[in-house]
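Remarks on the overall topology
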Amino acid sequence: MAKNRNSQSASIRFGPALAALFACFVIAGAAVGYVWQKGEIYRLGKQIRDRESRLAQLQSDDKRLADQLALLHSPMALDRRVQGLKLGLAPAHPMQVVRLPEPVLGSLENKNSVLKFAARPVESTTQ
Amino acid sequence: MIKRQQQIRRALALLALLAFGFIGLGFRLVDLQVWRHDELAKLAEKNSEQKIWQLAKRGDVLDANGNLLATSVPVKTVWANPLLIGNQQAVVARALAPLLQMNEGDLYQRLLPRVWKNPKGETATNQYVVLQRKVSEGTWQKIYSTMTNLSLTADEIKMSKTERANYKVFSRNLRQYAVSAEQDQSRVYPNGALAAHVLGFVESRDTTNHSSELFGCDGIEKSFDSKLAGASGWRVTGVDSRNRELVAMRDEDVDARDGLTVVLTIDSVVQNIVESELAKAMKEHEPVSITGIVTRPRTGEILAMASLPDFNPNDLRTINTNTEPNLAISHVMEPGSTFKTIVISGALNEHVVSLNDTVFCENGLFHYGGITLHESESHHFGNLTVEQVLQKSSNIGASKIGIKLQAPKLYDYMTDFGLGAFTGIPLPGEASAKNYVRPADKWGKYSIVQIPMGQGVAVTRLQMAMAVSAIANDGVLMRPMLVKRLQDPDGNVVQQYEPQAVRHVISEATAKEMVEALKTAVSDDGTAPLARIANYTVAGKTGTAQKVVNGTYSNDRFVVSFIGFFPADDPQICISIVMDSPKEGGRAFGGALCGPVFSKIGAACASYLNIPPDQNSQQPNPPPLVAKTQNLR
């Protein structure tokens with residue numbers, strides 16, 4: 001039985017068509033991807049720039065506020081404020097200051113003073 | 001046949017034309033890509049690439065407790081490109097003059113475009129004109145907003161379509177790019193004139209990269225300039241047609257390294273106490289100048305150093321030849337009687353005399369080598385012990401002790417106490433006074449009687465304060481310490497400075513003897529009862545030196561001083577007060593004028609520094625000034 005050549009030649013050859021279509025998609029996809037990537041790079045670049053600018057602004061504000069705080073804390077500013085408010089505050093007279101000598105750890109251990117404090121009766125501490 | 005030949009000719013002609021065309025293009029290609037490659041590559045780079053400088057923040061200066069003494073705040077340098085302003089100078093000047101605090105006419109002139117030939121013969125234009133420096137961030141925001149919403153004077157309705165399109169581009173460029181700002185910084189001293197002579201001041205100078213940099217001109221700002229300045233960073237990056245940075249095309253990106261923070265030994269509270277008291281004394285006694293130094297004798301730390309008149313480093317107009325010098329280190333003076341501490345220390349240390357030895361003070365008239373030394377009427381003493389020579393500040397007594405010590409030894413002690421040499425304080429402009437502390441072989445015939453009473457020798461106020469501090473410190477001379485440490489902006493210590501002993505000048509025993517003798521100076525019979533501080537034992541010495549005017553010693557111009565320390569047996573602080581030419585003239589004495597200033601500063605410092613009193617009972621009030629004035633030397 002002879003083959004029908006006419007119908008055979010007229011039949012659609014899917015392989016090459018699919019390959020061509022695939023190539024087109026790849027090329028178009030690459031092109032779109034490239035453009036998208038460029039767009040992303042630009043967008044992210046702008047974002048970085050904006051955020052860097054914001055960071056610089058915040059650092060500047062932080063510095064300004066820290067300086068302002070330091071100024072308000074400064075002894076001269078406090079002195080001026082105290083004088084301005086007329087609170088009657090004045091430095092303590094040296095004789096008004098009660099100084100308690102710091103106990104030396106070694107001498108305490110020798111005298112078993114830690115034990116003495118621990119052994120103190122409860123009623124004596126509550127009086 | 002003819003037709004075919006004609007066709008061939010035409011084809012050849014076309015071919016030749018094409019060949020010429022290609023040769024021309026090839027030539028141009030070689031011209032652009034090979035011969036002019038370097039020049040054009042630079043041009044292309046200039047158009048698409050930009051180098052952005054990043055400013056390094058100048059480091060802060062802190063006091064010993066971390067209080068801010070000097071800092072830098074970010075500001076803007078506002079500049080304009082007159083080429084983008086076209087003929088709208090009047091509009092821009094009117095809008096910006098109030099914000100920039102400039103005269104409208106001056107601003108208008110600055111905004112005019114100018115063209116000139118540079119030295120290379122090329123045409124140059126003024127595309128970068130600085131309008132104002134040190135503009136705050138807030139003001140710049142207002143300027144930017146004003147420029148963005150600027151109403152221009154041109155009438156768009158009368159314009160053709162092309163003119164309107166051009167005008168649109170022009171107005172957009174003018175509003176957005178004609179006036180710009182660059183990052184800059186301004187130095188701020190939050191406490192104004194406080195410690196001005198220690199801190200110094202800065203000035204700004206233009207750099208090649210369109211910005212300005214601060215540089216120290218005096219004080220710590222100058223001596224630590226390289227540490228405070230930091231290092232600028234830069235970024236090489238691609239820019240778009242509107243000169244906006246393209247982050248993806250960043251090339252070199254080097255961050256700026258901010259300057260180090262300098263932490264001083266100065267305590268701003270003590271400094272404030274000293275400056276307040278000096279200002280009161282300045283008002284009361286009207287001297288030409290007054291200085292105060294507070295040190296810790298054990299470490300050499302300077303807690304306060306002040307000179308009046310002073311200046312405000314925030315306002316450079318207050319700086320002039322009268323206010324700028326730090327008198328404590330840069331001016332030399334004859335020390336007067338405070339110098340007796342050095343002579344007697346040396347004599348005690350060499351065992352030439354002891355405190356109880358008697359010196360005959362010639363009843364106020366001492367003939368030596370053909371000259372006669374006269375004491376003032378209140379100082380006609382007969383026999384005095386060495387201790388009393390210090391207590392009563394006898395010039396003849398000191399001269400006789402100097403003669404016993406002999407010139408070479410006296411000179412050795414002077415230099416050992418640090419006179420005639422730089423103290424090593426990290427401040428610019430220190431005088432060594434080397435020429436005024438001459439070796440013994442170059443002394444004159446009368447130097448040995450003159451120098452022991454503080455004449456014919458000159459010192460700086462700091463040298464003298466450190467010498468007395470050495471007596472307080474068991475005879476060990478310390479290097480004056482002004483900087484505690486350097487730290488980075490995050491507070492990490494980069495360099496720590498430790499107290500440095502220079503040398504052991506006198507023995508500990510001699511130092512203790514000297515302290516006992518100096519305690520008597522503030523007794524009722526001494527020269528400085530007004531220098532006493534309630535609840536503390538004070539040791540110190542007064543000085544009243546005649547000033548040399550027109551080559552002779554003046555009888556109405558004196559440099560008066562008091563240097564003392566307390567608590568005498570465990571000295572915590574040493575205070576030096578020096579007044580130059582107070583209004584009292586011939587009636588001016590160190591004990592009477594500087595003693596009370598010392599006492600007030602000492603009492604306030606003792607309270608603030610929480611120095612434990614060494615006297616349990618409150619001492620009676622010092623005797624009234626009038627009764628003892630004649631004895632105060």
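Residues numbered from 1 in each chain as written. Chains lettered and ligands numbered in written order. Predicted model: local features only at pLDDT ≥ 70, side-chain atom pairs only at ≥ 80, totals over all residues.

What to know about the overall build of chain A
Put simply, the rule is: Secondary structure elements are taken from DSSP: a helix is a run of H or I of four residues or more, a strand is a run of E of two residues or more, and numbering for both begins at the N terminus. Our exposure labels follow a C-beta count within 10 Å of each residue's own C-beta, placed from the backbone: buried means 20 or more other C-beta atoms, exposed means 12 or fewer, and partly exposed covers the counts in between.
Across its full length, chain A holds six helices and zero strands. Going residue by residue from the N terminus, the α and β elements of chain A occur as α-α-α-α-α-α. Relative to its full complement of 127 residues, chain A shows a buried share of 2%.

What to know about the overall build of chain B
We count it as follows: A radius of gyration in this sense is built from C-alpha atoms; the matching globule rule multiplies 2.2 Å by the number of residues raised to 0.38. Residues are treated as contacting if the C-beta atoms built from their backbones sit within 7 Å of each other.
Of the regular secondary structure elements, chain B holds 20 helices and 28 strands. Its C-alpha radius of gyration of 37 Å places chain B more than 25% over the 26 Å reference for a compact globule of 633 residues. With respect to the three principal axes, the spread of C-alpha positions in chain B is 150 × 50 × 50 Å. When burial is assessed residue by residue, chain B has 44% of its 633 residues classed as buried. Across chain B, the fraction of contacts at a sequence separation of at least 24, relative to all contacts at a separation of at least 6, is 72%.

Structural notes on helix α17 (residues 461–472) of chain B
All names here are of chain B. How we decide: Expected helix span is taken as 1.5 Å per residue step, with the number of steps being one fewer than the number of residues.
Spanning 12 residues, α17 covers 17 Å between terminal C-alpha atoms, matching the ideal 16 Å at 1.5 Å per step. A large share of α17 lies buried, amounting to 12 of its 12 residues. Aspartate 474 sits one or two positions beyond α17 and adopts a positive phi of about 55°.

Focus: the interface of chain B and chain A
Let me state the cut-off plainly: As a working rule, the residues Ala, Val, Leu, Ile, Met, Phe, Trp, Tyr, Cys and Pro are called nonpolar, Asp, Glu, Lys and Arg charged, and the rest polar, with Gly in that last group.
Of the residues lining the interface, 24 residues belong to chain B; the matching set on chain A comes to 17 residues. When residues of the side of chain B that touches chain A are traced back to their parent elements, those giving at least two are β3 (68–80), β11 (245–246), α10 (268–285) and α19 (590–609) of chain B. Grouping the constituent residues of the side of chain B that touches chain A by class yields 14 nonpolar, eight polar and two charged.

Describing the domain arrangement of chain B
All names here are of chain B. To keep things clear, this is the line we draw: What fixes the domain bounds is an automatic or database domain assignment.
When its domains are assigned, chain B resolves into domain 1 (51–264) and domain 2 (268–310 + 327–484 + 500–631). Distance from the C-alpha centre of domain 1 to the C-alpha centre of domain 2: 53 Å. Within the residue set of the side of domain 1 that touches domain 2, elements represented by two or more residues are α7 (196–199), α8 (219–223) and β13 (261–264).

Remarks on the confidence of the model for chain B
All names here are of chain B. Our working rule: One confidence number per residue, pLDDT, is output by the predictor and ranges from 0 to 100.
Per-residue confidence for chain B gives a mean pLDDT of 89; residues scoring 70 or more make up 96%. Taken element by element, the predicted model of chain B shows its lowest mean pLDDT in helix α20 (residues 625–628) (40) and its highest in β13 (97). Predicted confidence is poor over residues 619–633, with pLDDT under 50, and the contacts of this stretch with residues over four places away or in other chains come to 31 contacts. With a pTM of 0.82, the predicted complex shows an ipTM of 0.70.

Details of unusual backbone geometry
With an omega of 5°, the peptide bond between Leu308(B) and Pro309(B) qualifies as cis. Checked against the element boundaries, Pro309(B) lands in the loop between β15 (301–308) and α11 (327–330). Across the junction of Phe566(B) and Pro567(B), the peptide omega takes the value -20°, indicating a cis bond. Its place among the elements puts Pro567(B) in the loop between β27 (552–566) and β28 (573–580). Positioned with a positive phi, Lys86(A) is a non-glycine residue whose angle comes to about 50°. Take Lys86(A): it is sitting in the loop between α3 (75–85) and α4 (105–110). In this structure Lys86(A) comes out as exposed when scored by C-beta crowding, with 7 C-beta atoms within 10 Å. A positive phi angle, near 75°, is found at Asn535(B), a position not held by glycine.

Some details on the packing of helix α3 (residues 89–100) of chain B against helix α5 (residues 137–148) of chain B
Residues and elements named next belong to chain B. Inclusion rule: Lines fitted to C-alpha atoms define the axes here, with helix axes fitted over just the stretch in contact, and angles between the N-to-C directions of these axes take values from 0 to 180 degrees. Under this scheme an angle from 65 to 115 degrees is roughly perpendicular, one under 35 degrees roughly parallel, and one over 145 degrees roughly antiparallel; angles in between are oblique.
Between α3 and α5, the least distance of the axes is 10 Å, while the angle of their chain directions is 170°. Our classification of the angle between α3 and α5 gives roughly antiparallel. For the pair α3 and α5, contact is made by Ala95, Leu96 and Leu99 and by Thr139, Lys142, Ile143 and Thr146, respectively.

Considering the environment of Leu462(B)
Residue and element names in this part refer to chain B. Looking at the secondary structure, you find leucine 462 in helix α17. For the pair leucine 462 and aspartate 556, spaced 94 residues apart in sequence, the C-alpha to C-alpha distance is 25 Å. Ignoring anything within four residues of it in the chain, the contact list for leucine 462 reads Ile293, Ala328, Ile329, Thr423, Ile425 and Pro480.

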